[in-house]
Amino acid sequence: MKIQHLCKAFDGKMVLDHVSLTLESGGTACLMAPSGRGKTTLLRCIAGLETPDSGQITDLPERIAYVFQEDRLCDGFSAVDNIRLVTGKALGEGEIRRHLEELGLAGSLDQPVRELSGGMRRRVVISRAVCFGADLLLLDEPFKGLDDEARQQTADYILRHRGAAAILCVTHDREDAAALGGADIVTF
Ligand SMILES: Nc1ncnc2c1ncn2[C@@H]1O[C@H](COP(=O)(O)OP(=O)(O)OP(=O)(O)O)[C@@H](O)[C@H]1O
């Protein structure tokens, strides 16, 4: 994926001002910048949820998974059913269960996700993105609410199952880059 001179303003206020970034297939980068600088806006532009005012995004893979800052789970559905909603028949139920078990959720697979803790929900959200089988993973503060051990376990899980996917992760914490195998840190 190649981003060149991307610009985006809201109500006349420039949020992205000629941002450029290249991410190779299989590459990992962490995007760090002060709050309000436009990190989420950049991810939304990449995902096609915002239209840039100018600049180019090229070599964008077709399959993109997006972990939003908010969980965006279906609260009345179980963890397994939340994941099944994005995988369809591409993954069997046993496989989905194994993914969630790897993240330490073995005892909580079938209850509505509204009954899970914030950190448990976050792991379901990450597993949902990984199980989608994307070529590009956009992660917006993915480890929010996880302690150090759960963060490393979750980062290891992402790295184990990413295949050749590129990862672009927004974070305020350099430890997230370390957990993701020493990801490049990009600032703007
Ligand atoms: N749809 C929108 N309409 C108007 N202003 C917006 C919109 N989306 C974002 N903004 C503004 O753009 C700026 C950048 O927001 P954005 O969420 O991209 O920043 P961020 O770097 O991700 O912040 P944080 O680290 O706090 O999550 C903010 O001033 C925000 O209010």
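None of the values given here were measured: they were computed from a predicted structure.

1. Quick look at the packing of helix H4 (residues 118-131) against helix H5 (residues 148-161)
Part 1 of the argument: Where H4 contacts H5, the two axes come as close as 10 Å, and the packing angle between them is 5°. By the angle between their axes, H4 is roughly parallel relative to H5. Of the residues in H5, those in contact with Arg123, Ile126, Ser127, Val130 and Cys131 of H4 are Gln153, Thr154, Tyr157, Ile158 and His161.
Part 2 of the argument: In the contact of H4 with H5, the residues fall into five nonpolar, four polar and one charged.

2. Some remarks on the packing of aromatic side chains
Part 1 of the argument: A complete count under the given rule lists one aromatic pair for this structure.
Part 2 of the argument: Aromatic side chains Tyr66 and Phe68 sit 3.9 Å apart centroid to centroid with 15° between the ring planes, which places their arrangement in the stacked category. Across the pair, exposure class does not vary: Tyr66 and Phe68 are buried alike.
Part 3 of the argument: Its end group placed over the ring of Phe132, Arg63 keeps NZ or CZ at 4.1 Å from the ring centre.
Part 4 of the argument: Sitting over the face of the ring of Phe68, Arg72 holds its NZ or CZ atom 3.7 Å from the ring centroid.

3. Side note on the UniProt feature "domain: ABC transporter" (unreviewed entry) in the protein
Part 1 of the argument: As recorded in UniProt, the feature "domain: ABC transporter" (unreviewed entry) lies at residues 1-188.
Part 2 of the argument: From the first C-alpha to the last, residues 1-188 spans 17 Å; its make-up is 32% helix and 25% strand.

4. A few points about the sheet that holds strand E4 (residues 54-58)
Part 1 of the argument: Strand order in the open sheet made by the three strands is E2-E1-E4, with antiparallel pairing throughout. The sheet terminates laterally at strand E2 (13-22) and E4, the two strands that pair on one side only. Within this sheet the neighbouring strands show an average axis-to-axis angle of 25°, counted without direction.
Part 2 of the argument: Strand direction decides the pairing type here: strand E1 (residues 2-10) and E4, joined by four bridges, are antiparallel. When the bridges of E4 are listed, Gln4 appears paired with Gln56.
Part 3 of the argument: Running at roughly 115° to E1, helix H1 (residues 39-46) makes contact with E1, E2 and E4 of the sheet.

5. A few points about the sheet that holds strand E8 (residues 184-187)
Part 1 of the argument: Judged by pairing direction, the sheet is parallel, and its five strands sit side by side in the order E5-E6-E7-E3-E8 without closing on themselves. Looking along the sheet, the strands with just one partner apiece sit at the ends: strand E5 (64-67) and E8. This sheet shows a mean twist of 20° between the axes of neighbouring strands, independent of strand direction.
Part 2 of the argument: Sheet strands in contact with H1 are strand E3 (28-32), E5, strand E6 (136-140) and strand E7 (166-170), and its direction is about 155° off that of E6.
Part 3 of the argument: Where H4 meets the sheet, it contacts E5 and E6, and its direction lies at approximately 170° from that of E5.

6. Points about the nonpolar core
Part 1 of the argument: Counting 37 residues, the largest nonpolar core has Leu100 and Ile158 as the members making the most contacts within it.
Part 2 of the argument: Among the secondary structure elements, those contributing two or more residues to this core are E5, helix H2 (79-87), helix H3 (93-102), H4, E6, H5, E7 and helix H6 (174-179).
Part 3 of the argument: Aside from chain neighbours lying at most four places away, what touches Ile158 is Ile126, Val130, Leu137, Leu139, Phe143 and Ile167.
Part 4 of the argument: Counting 22 residues, the second largest nonpolar core, distinct from the first, contains Leu31, Ile46, Phe68 and Ala166.

7. Side note on the site of the ligand
Part 1 of the argument: Neighbouring residues of the ligand: 14 residues in total, closest Ser35, Gly36, Lys39, Thr40 and Thr41.
Part 2 of the argument: Between the ligand and Lys13, the relevant distance is 3.0 Å, taken from an oxygen atom to a side-chain nitrogen or oxygen of the residue.
Part 3 of the argument: Within the backbone of Thr40, one N or O atom sits 2.9 Å away from an oxygen atom of the ligand.
Part 4 of the argument: Out of a free accessible area of 640 Å², the ligand has 63% covered by protein chains.
Part 5 of the argument: Counting residues per element, the shell around the ligand draws most heavily on H1, which supplies three residues.

What counts as what
- Residues numbered from 1 in each chain as written.
- Predicted model: local features only at pLDDT ≥ 70, side-chain atom pairs only at ≥ 80, totals over all residues.
- Heavy atoms only, no water.
- Axes fitted to C-alpha atoms, helices over the stretch in contact; angles between N-to-C directions.
- Helix = DSSP H or I, 4+ residues; strand = E, 2+ residues; numbered from the N terminus.
- Parallel < 35°, antiparallel > 145°, perpendicular 65-115°, else oblique.
- Contact = heavy atoms within 4.5 Å.
- Nonpolar A, V, L, I, M, F, W, Y, C, P; charged D, E, K, R; others polar.
- Phe/Tyr/Trp six-rings, centres within 6.5 Å; stacked < 30°, edge-to-face > 60°.
- Buried < 20%, exposed > 50% of the residue type's maximum accessible area, 1.4 Å probe, protein only.
- Lys NZ or Arg CZ within 6 Å of the ring centre and 35° of its normal.
- UniProt positions renumbered as here; feature names shortened; annotations may be inferred.
- Pairing = 2+ DSSP bridges.
- Core = buried A, V, L, I, M, F, W, Y, C linked by side-chain atoms within 4.5 Å.
- Near = heavy atom within 4 Å.
- Polar contact = N/O pair within 3.5 Å; in protein donor to acceptor, adjacent residues only side chain to side chain.
- Areas by Shrake-Rupley, 256 points an atom, 1.4 Å probe, with all protein chains shown as cover.

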